[in-house]
Amino acid sequence: MSISDRAAATIAEINRLVPVELQSPKVAVICGSGLQHLADALSPSPRVEINFADLPNFPQTTVEGHTGKLVFGLFGNVPSVCMVGRVHFYEGISFDLTTYPARVFSVMGVETLIVTNASGGLNPDYKVGDLMVLNDHINFPGLAGSHPLKGPNDSTFGPRFQPLSDAYDHALRIKLFETAKTLNLSRAIHEGVYVFVSGPTYETRAESRMLRMFGGDCVGMSTVPEIIVARHSGMRVLAISLITNAVVMTPTPKASDGAADLAEGIANHAEVIEAARLAGNDLQLLVLEVIKATYQ
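Every value quoted in this text rests on a predicted model; they were computed, and no experiment measured them.

Analysis parameters
Residues numbered from 1 in each chain as written. Predicted model: local features only at pLDDT ≥ 70, side-chain atom pairs only at ≥ 80, totals over all residues. Heavy atoms only, no water. Helix = DSSP H or I, 4+ residues; strand = E, 2+ residues; numbered from the N terminus. Expected span 1.5 Å × (residues − 1). Buried < 20%, exposed > 50% of the residue type's maximum accessible area, 1.4 Å probe, protein only. Arc of directions from axis to C-beta. 1 Å grid on protein atoms, 1.4 Å probe; cavity = no way out; pocket = protein on both sides within 12 Å on 5 of 7 lines; lining within 4 Å. Points joined across faces, edges and corners; volume = space filled by probe spheres on them. Nonpolar A, V, L, I, M, F, W, Y, C, P; charged D, E, K, R; others polar. Patch = residues over 30% accessible without salt bridge, like charges linked within 9 Å, V, L, I, M, F, W, Y side chains within 5 Å. Areas by Shrake-Rupley, 256 points an atom, 1.4 Å probe, with all protein chains shown as cover. Salt bridge = Lys/Arg side-chain N within 4 Å of Asp/Glu carboxyl O. Phe/Tyr/Trp six-rings, centres within 6.5 Å; stacked < 30°, edge-to-face > 60°.

Caption draft 1: Summary view of helix α5 (residues 170-183). Across its 14 residues, α5 extends 20 Å between first and last C-alpha, which sits within 8% of the 20 Å expected from 1.5 Å per residue. All of the buried residues along α5 are L172, R173, L176, T179 and A180. Buried positions in α5, seen along its axis, are confined to an arc of 125° and lie on one side of it. Opposite the buried face of α5, by more than 90 degrees, sit the exposed residues H170, K181 and T182.

So, in C-alpha cells, the structure goes:
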C-alpha cells in the first residue's frame, strides 16, 4: 500500500472523530521531549484529542515524556494540530514510520510544520534553558546511508532529489525573532546548526568534540527526518531546540593521572524532562504568537 493510501485511511478516521472546522489544519506542531505544554496553547473548544493507538497505520511511541496523541484545535483562530510525543529511529522504528505523521499532515493540507525538540548544547555559549532556532542541520545517519527518502520516490509528494539548502524557512525565522522581541522574553534565543544522531546513547566526549568541530551548535536524536519529509512534501518549516543539557566535551581523564570524577556533567533523561518543563510556558507563548502573527 502506498504512503498516500495509508495516509488516506488515517485521515478518514481522524475526520470521523473531529468536527469539520478542524479537519483541514493549516499548522502542525510536533512537541519534543517534555514539551507537551505546547498543546495547552490550543483553545479549549473546539478541541479533540486522539491517541496514536486509535489511528490506523500510525506509529506508537515508547519513550517517557512522549504521550502519544494528536490534539486538534485552534491557535487563535488558526486550525491546527499538535503531535504530543513522537517516534524515533532508535526505538527500532523505520524512517518510513517515524516520518509518517509528517506525510499525514501534508495530505491533510498542513502548510507549516513547527518542530520542537530537546537537545544537548555543543556551542559553549549556550546555556541550559536557552532556545536555538535551527537554520541548518547535519544529518549523520543520512550521510551514512540511513535516510528518510531512501528507496522509491513518491513523486506525488516531491522530487527524487530534494534540495535542503532552504530547509528552514527564512521568513518564519524572522517572524520568530520579531515575536520574541515583542514578548520581551528573558530567555536567550540563538540561531544555529542542529546535528542529528541516531541514539539512543548520549554522545561520548570525543564524539561531542568532533560534532562541534564539524560546525554543530546542538545535538539530538530527532527532528531532521521529519523536516526532510516535510520539505519533500512542500511544507514550510520552523524548528526550535530547547537546550536541556551542556554536552561534556573535555577529554576523558587519564587513569594514569589518578582519581577523577567521571560523573560531572553526565547527561540523563530526567534532566531533559525537567528543563523542558521549566521552559514550557515561554515556548508555548512564543509558538502561539508566531502562528497568530503568520496567519492572522
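Caption draft 2: Spatial organisation of empty space enclosed by the protein. Counting across every chain of the model gives two cavities of 30 Å³ or more. V87, T98, S222, P225 and E226 are the residues nearest the centre of the largest cavity, which is lined by 13 residues in total. Contributions of two or more residues to the lining of the largest cavity are made by α2 (95-98) and α7 (224-232). By residue class, the composition of the lining of the largest cavity is six nonpolar, five polar and two charged.

Caption draft 3: Looking closely at the environment of G109. If you trace the backbone, G109 turns up in the loop between α3 (100-108) and β5 (112-121). For G109, a relative accessible area of 39% corresponds to the partly exposed category. Residues G109 and V224, 115 residues apart in the sequence, show an inter-C-alpha distance of 21 Å.

Caption draft 4: Structural context of a nonpolar patch on the surface. A surface patch of nonpolar side chains, amounting to about 330 Å² of accessible area, comprises M210, M213 and F214. Along the chain, the position of M210 falls in helix α6 (residues 205-213). According to the relative accessible area criterion, M210 is partly exposed, its value standing at 30%.

Caption draft 5: Quick peek at the packing of aromatic side chains. Applying the stated criterion across every chain yields a total of five aromatic pairs. Summarising the aromatic geometry, the rings of F140 and F214 are spaced 6.1 Å apart at their centres and angled 10° between planes, so their arrangement reads as stacked. In this pair, F140 is assigned in helix α4 (residues 140-143) and F214 in the loop between α6 and β8 (218-220), connecting sequence segments 74 residues apart. A relative accessible area of 24% means that F140 is categorised as partly exposed. Classification of F214 by relative accessible area gives partly exposed; the value is 46%. Every member of this aromatic cluster is reached through a ring pair, and the members are F52, F58 and Y100.

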